[in-house]
There are 2 protein chains.
Amino acid sequence: MLKLDHKSIQLLDCTLRDGGYYTHWDFDEKLVKQYFETMNKLPVKYIEIGYRSKPKQKYQGAFYYLPEHVLKNCQKLSSKKLAVILNEKEFLAEEVEEILAPCVGIIEMVRLAVAPERLSHAVKIADAVKKMGFMVSLNLMYASKWDEELYSSEDLKILDGILDYFYVVDSYGGMLPSEIRKTFSKLKEALSVDLGFHGHNNIEMALVNSLTAIECGSKIIDATVCGMGRGAGNLKMELLLSLLYKKYEVPVDFDILNDLVEKFSKLKDDYKWGTNLPYMLSGAFSLPQNTVMGRVKKRFYSLNTIVRELSEAGDFVEETEIPFFQQDKKYPKAMLVGGGNTPKKFSGAIREYLKQYPEICVIHSSSKNVETFLNLPNDQFHCLTGKEITRLEKKLPSADRDRRYFLISPEAGVVVPGRFSSRFKNALETLKKGCYQEKYNLSTTAMAMDIATLVGVQQILLTGYDGYTGQVSKEQLELFEENQEIFEEAKSGGLILSSLTPTMYKMSSKSVYSLV
Amino acid sequence: MLKLDHKSIQLLDCTLRDGGYYTHWDFDEKLVKQYFETMNKLPVKYIEIGYRSKPKQKYQGAFYYLPEHVLKNCQKLSSKKLAVILNEKEFLAEEVEEILAPCVGIIEMVRLAVAPERLSHAVKIADAVKKMGFMVSLNLMYASKWDEELYSSEDLKILDGILDYFYVVDSYGGMLPSEIRKTFSKLKEALSVDLGFHGHNNIEMALVNSLTAIECGSKIIDATVCGMGRGAGNLKMELLLSLLYKKYEVPVDFDILNDLVEKFSKLKDDYKWGTNLPYMLSGAFSLPQNTVMGRVKKRFYSLNTIVRELSEAGDFVEETEIPFFQQDKKYPKAMLVGGGNTPKKFSGAIREYLKQYPEICVIHSSSKNVETFLNLPNDQFHCLTGKEITRLEKKLPSADRDRRYFLISPEAGVVVPGRFSSRFKNALETLKKGCYQEKYNLSTTAMAMDIATLVGVQQILLTGYDGYTGQVSKEQLELFEENQEIFEEAKSGGLILSSLTPTMYKMSSKSVYSLV
């Protein structure tokens, strides 16, 4: 069996850096102490302790900035070589000396997180870092999307002469071992610098990819305790060590490791990193996991739509040519209906009002309140995304389909879920992007405002835009703030907006009881 | 891209069967309904709904026995082909007809879970099942430990003519893709029956192994929702489908799948299946995960010891020749100290008594209560396993090491954790296995009884064997019952046992206050 030593393969633990995404880069002092004590006794060569960063508006903690006293404390606690990482795009080459000055004498290696399109700029940064006497590693992200030109690029050749390590980063965590083999084989032809691998675990390939990378000559592998890291997380150090012990007889004290793993497992119960179906799909299709999760949580967006829209994966749902919506009829006023509880609560008054003024159109940005608006003389517009189509299908009786327009956004245009039965399918139309959708892509409120503009509405009466109550998630709050922005723009564009029902949004109120 | 259809590869979902290990094979009625509705819409061909079993002493629920009304209900809910599984070793060939009678007309396929050494018996069972008109699948367990003879066995040839599927089961969940390739290549030479793969996820290889099996010609793959299954769990159906959709354009409705996955995720929060370091090690070293977890939880056993003992993996911790314990000195009485709270509570009286009778020896089966017994004139014996050594090291001052014997069991004999400092290391001795350890391997109570026997003790006074209080885990209860058994044997062997402090164990009490 191959024995692992300094000549064959090295391990780097980046728990504090990658795990920091969940804790704003603050960790309990006792845990940090135990972490370093444990690492000191494990066959790990480098500890990446965090970022060096410029000040940000948002609070970030100790291991995001690594001020001098934190660096010194790490040095005191650790018997291993320490590394920090820089977000390459955050710095100019001439800023490197200042940002790294406190690291001199403490930090052994500086790593650069780099996107492929910024390689030429990274050359300058790498050069500046190297001149300060640090080891330099370039961590090139998005390996699943690298194109062929990369391997022959001039920048890569220059970097080859500067770097100590060149890392393949599987940012989306969706590469397969066969792709790892191809990537390493091309890199080994192009470069003489030592290669490394940093794997994410979206489709549970982090271990097998790392073992494959080792077989392909990778000299250094990254991992974190319990896989702590953004989204689906990283390769688990305890899993890597179990296999390296088995396969290469790397010496491991599993008891001391397990004590630390148990501590981080508790953190995991709180922060819940690890993979799930949206993350798996973002891995399989090389989609940013923030985008997928954000859409699922914020937009109640269909996973089918996301996969379909972003992957161009083929014809697994029926392809249907959906015509563009065209409309000459104009409306003086529109009632805009959101997904809150008020329309149901004020149902009687709202219905009375609409019956009295059939020339007012209703625009549903959500299908939540469809039942309140059944069997009315008014024209109604439905803004539909994946999940909304399913909701609507369940709530709308076939008998009530006249005077309704079913509109989908051009982004989701070709996707018709199989279960959206034919009675509705033929009625679907695509809404051309107006200025609201151009700015607020995939927002149904933006769709609604584009419809209002298209049909000449001067005044909008809102209901069901109640705002949040009680505990609110990050995504809900962002949605609230985005809607508020859209309303501000509409007002400054000359539209008159008022809410018929109680709301937390900043706008004038016009009680539904004061209308008739 | 290869299109998945009935000619290429089939999927089998066994969530109710494998997930049942966590729920005693009962599942909420609404969840079962949603499960079948979802499966009906997914590209899954077979649903394995559970076991047919003989009545057991212990309660097991609907999907463990599958009585006729449960079978019929599944038939009503499912549009897919249904399968059940038998534990082959539970039945004789002549019992097959009776146990499967209710399945006729409802169940399409009967699977047999078989250990390699029982292959010849399985032939008879398979034959009896086939004669009833069912499809038959043989799921051969422990693939990581199959030996070469298997592939040329006569039984395998006979089975080839009977079976519809022959499954490779990675019971320990620790196989690597290269082993999958070898195994399938040998099987394809030996067999003409369609092959299948059932993977566990201890080292997160279930997906890559299943994809590899497909590449190697496996016609059928098992998975469960959220990987629900014993210990580290199974291949996750949602992960498999994500990749099959990506790689082979298998049509998947991810929204309906995600709705189900969210329900099972809640179950996972309660039951906490999934991998952890002990399960990873059991995978990597083909050790039964029950054994590893049982030892860690029940014995406070060192992971290093387990790996070391069972894997014969080499010399990763210092080898030290530890001499066998030899002792001519005899003691009339021993005080046996367990890990409960009473010794501390009755500390004053216990210490007074021991000071008065220095000829009584103290035997610690746990290091929990060491502090209560510091600086006494009595000889003391310490029964040490991995974690106990660490505990003891922290609690015992260097000044108090005279008159103490530090004994380890022969099973753990060669393992000295690195952090057990030299002041204790040279004092370690190995306790030869006596009749108690022979019967109760790795039990520290058995070690203590062997010491007592060796040093001629006639009477044992117990403290710290309090029994459980409040919530008790399965492991704690098993330990309690085992200890009770050991005490019964000791009594029937002529030893006089009594507890000095309150206890739930069945034995005579002799209050510590009544002694002096």
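What you see is a predicted model, and the numbers here were worked out from it, not measured in a lab.

Calculation notes
Residues numbered from 1 in each chain as written. Chains lettered and ligands numbered in written order. Predicted model: local features only at pLDDT ≥ 70, side-chain atom pairs only at ≥ 80, totals over all residues. Heavy atoms only, no water. Helix = DSSP H or I, 4+ residues; strand = E, 2+ residues; numbered from the N terminus. Buried < 20%, exposed > 50% of the residue type's maximum accessible area, 1.4 Å probe, protein only. Contact = heavy atoms within 4.5 Å. Areas by Shrake-Rupley, 256 points an atom, 1.4 Å probe, with all protein chains shown as cover. Axes fitted to C-alpha atoms, helices over the stretch in contact; angles between N-to-C directions. Parallel < 35°, antiparallel > 145°, perpendicular 65-115°, else oblique. Left-handed = near helix turned anticlockwise from the far one by under 90°. Nonpolar A, V, L, I, M, F, W, Y, C, P; charged D, E, K, R; others polar. Pairing = 2+ DSSP bridges. 1 Å grid on protein atoms, 1.4 Å probe; cavity = no way out; pocket = protein on both sides within 12 Å on 5 of 7 lines; lining within 4 Å. Points joined across faces, edges and corners; volume = space filled by probe spheres on them. Salt bridge = Lys/Arg side-chain N within 4 Å of Asp/Glu carboxyl O. UniProt positions renumbered as here; feature names shortened; annotations may be inferred. pLDDT = per-residue confidence, 0-100. Least-squares fit on C-alpha atoms with pLDDT ≥ 70 in both. Phe/Tyr/Trp six-rings, centres within 6.5 Å; stacked < 30°, edge-to-face > 60°. Lys NZ or Arg CZ within 6 Å of the ring centre and 35° of its normal. Buried area = accessible area lost by both parts, 1.4 Å probe. Polar contact = N/O pair within 3.5 Å; in protein donor to acceptor, adjacent residues only side chain to side chain.

Secondary structure summary: chain A contains 21 helices and 16 strands in total. Scored against the burial criterion, the 516 residues of chain A give a buried share of 61%. The long-range share in chain A, meaning contacts at least 24 apart out of those at least 6 apart in sequence, stands at 73%. For chain A, the computed accessible surface area is about 21,100 Å², with 50% contributed by carbon and sulfur atoms.

Another aspect to go through is the packing of helix α6 (residues 119–131) of chain B against helix α8 (residues 154–162) of chain B. Residues and elements named next belong to chain B. In the contact formed by α6 and α8, the axes pass within 9 Å of each other and the chain directions differ by 15°. Taken together, α6 and α8 sit at an angle that is classed as roughly parallel. As for how α6 packs across α8, the hand of that crossing is left-handed. Counted together, L119, S120, A122, V123, A126, D127 and K130 of α6 and D155, L156, I158, L159 and I162 of α8 form the full contact between these two elements. Across the contact of α6 with α8, the residue classes tally to 8 nonpolar, 1 polar and 3 charged.

On to unusual backbone geometry, then. All names here are of chain B. With a phi close to 60°, C226 is a non-glycine residue in the positive phi region. Relative to the elements of secondary structure, C226 occurs in the loop between β8 (220–223) and α11 (237–248). Even without a glycine there, the phi angle at K272 is positive, about 55°. For K272, the location among the structural elements is in the loop between α12 (254–271) and α13 (277–284).

Turning our attention to the sheet that holds strand β6 (residues 165–170) of chain A. Note on sheets: strands pair through backbone hydrogen bonds, and any given pair is parallel or antiparallel. All names here are of chain A. Here we have 8 strands rolled up into a closed barrel, ordered β1-β2-β3-β4-β5-β6-β7-β8, and parallel in their pairing. Here the average twist between neighbouring strands, direction ignored, is 25°. With 5 bridges connecting them, strand β3 (residues 81–87) and strand β4 (residues 109–114) associate as parallel partners. Residue pairing for β4: V84 is matched across the bridge by V110.

Let us look at the environment of A:L497. Residues and elements named next belong to chain A. Residue position: L497 is located in strand β15 (residues 496–499). Taking the C-alpha atoms as reference points, L497 and L462, 35 residues apart in sequence, are found 7.3 Å from one another. When residues no more than four places from it in sequence are discounted, the contact partners of L497 are M449, I460, L462, F487, A490, K491, M507 and S508.

Residue and element names in this part refer to chain B. In terms of burial, strand β9 (residues 333–337) is largely enclosed, as 4 of its 5 residues are buried. Summarising the sheet, β9 and strand β14 (residues 459–463) pair through 5 bridges and their orientation is parallel. The residue of β14 that forms the bridge with L336 is L462. Note that β9 and strand β10 (residues 361–364) share 4 bridges and pair parallel. Residue pairing across strands places M335 opposite V362, the latter belonging to β10.

Glancing now at empty space enclosed by the protein. Residues and elements named next belong to chain A. A full pass over the atoms with the stated rule returns 3 cavities of 30 Å³ or more. Each pocket or cavity is described by its volume, and for the second largest cavity that value is around 40 Å³. As for the second largest cavity, its lining consists of N375, L376, N378, Q380, D400, D402, R403 and R404. When its residues are assigned to classes, the lining of the second largest cavity shows 1 nonpolar, 3 polar and 4 charged.

This part takes up the pattern of salt bridges. Residue and element names in this part refer to chain A. For the coordinates displayed, the defined rule picks out 42 salt bridges over all chains. Residues K54 and E95 are paired through a salt bridge, measuring 2.9 Å at the closest nitrogen-oxygen approach. Of this pair, K54 sits in the loop between β2 (46–51) and α3 (62–65) while E95 sits in the loop between β3 and α5 (96–100), placing them 41 residues apart in sequence. Assessed through its relative accessible area of 29%, K54 is described here as partly exposed. Residues E148 and K186 are paired through a salt bridge, measuring 2.7 Å at the closest nitrogen-oxygen approach. Here E148, found in the loop between β5 (135–140) and α7 (154–162), pairs with K186, found in helix α8 (residues 177–190); they are 38 residues apart in sequence, far enough to count as distant. By relative accessible area, E148 is classed as partly exposed at 48%. You can call K186 partly exposed: its relative accessible area is 29%. Salt bridges here are not isolated pairs; linked through shared partners, they connect R17, D18, E48, R111 and D222.

With numbering matched to this structure, UniProt assigns "domain: Pyruvate carboxyltransferase" (unreviewed entry) to residues 9–258 of chain A. Note that residues 9–258 of chain A is 41% helix and 18% strand, and that its end C-alpha atoms are spaced 23 Å apart.

Once that is clear, we can look at the confidence of the model for chain A. Residue and element names in this part refer to chain A. Scored by pLDDT, chain A comes out at a mean of 88, with 90% of its residues at no less than 70. Counting contacts from residues 312–320, a segment whose pLDDT is below 50, to residues more than four positions away or on other chains yields 22 contacts. Residue range residues 417–421 is modelled with pLDDT below 50. Its contacts to residues more than four positions away, or to other chains, number 12 contacts. At the level of chain-chain contacts, confidence expressed as ipTM amounts to 0.70, with global pTM at 0.71.

The subject of this paragraph is the relation of the copies chain B and chain A. Laying chain B over chain A is done by rotating through 179° and shifting 0.3 Å along the axis; what remains is an RMSD of 0.6 Å. Here the two chains are linked by the operation of a two-fold rotation axis. In terms of proximity to the rotation axis, the leading residue of chain B is B:E204, whose C-alpha is 3.1 Å off the axis. Take the interface residues of chain B: 100% of them recur as interface residues in chain A, which is what a same-surface contact looks like.

The next point concerns the packing of aromatic side chains. The tally for this structure, following the rule as stated, stands at 51 aromatic pairs over all chains. Between A:Y22 and A:Y271, the aromatic rings sit 6.2 Å apart at their centres with planes inclined by 50°, giving tilted as the arrangement. Residue A:Y22 is found in helix α1 (residues 15–23), and its partner A:Y271 is found in helix α11 (residues 254–271); the two are separated by 249 residues along the sequence. Using a relative accessible area of 19% as the deciding quantity, one classes A:Y22 as buried. Relative to B:Y65, the ring of B:Y64 has its centre 5.0 Å away and its plane inclined at 90°; by these criteria the two rings are edge-to-face. The buried category is assigned to B:Y64, whose relative accessible area is 9%. The ring centre of B:F285 lies 5.8 Å from the NZ or CZ of A:K246, which sits over that ring. Positioned above the aromatic ring of B:F324, the side-chain terminus of B:K432 is 5.2 Å from the ring centre.

Residues and elements named next belong to chain A. Within the secondary structure, S367 sits in the loop between β10 (361–364) and β11 (380–384). With a relative accessible area of 1%, S367 lands in the buried category. S367 has contacts with L384, E388, R391, L392 and K395, leaving out every residue within four places of it along the chain.

Glancing now at the sheet that holds strand β16 (residues 508–509) of chain A. All names here are of chain A. The strand order across the open sheet formed by 8 strands is β13-β12-β11-β10-β9-β14-β15-β16, and the pairing between neighbours is parallel. Both outer strands of the open sheet, β13 (428–430) and β16, are each paired with one neighbouring strand and no more. Strands in contact with helix α16 (residues 347–356) are β9 (333–337), β10 and β14 (459–463); relative to β9, the strand with the most contacts, it is inclined by about 155°. The strands touched by helix α20 (residues 444–454) within the sheet are β9, β10, β11, β12 (404–408), β14 and β15, with β11 carrying the most contacts at an inclination of about 145°.

Once that is clear, we can look at the interface of chain B and chain A. Taken together, the contact between chain B and chain A spans 45 residues of the former and 45 residues of the latter. Taken together, both faces of the contact between chain B and chain A bury some 4,100 Å²; the carbon and sulfur share is 60%. Our enumeration of links across chain B and chain A arrives at 2 salt bridges. Between A:E204 and B:K236 there is a salt bridge whose closest N-O contact spans 2.5 Å. Here chain B is connected to chain A by 6 residue pairs in polar contact (both at pLDDT 80 or more). Listing elements by their share of the side of chain B that touches chain A, those giving two or more residues are α10 (206–215), α11, α12, α13 and α15 (303–311) of chain B. Top contributing element to the side of chain B that touches chain A by residue count: α11(B), with 7 residues.

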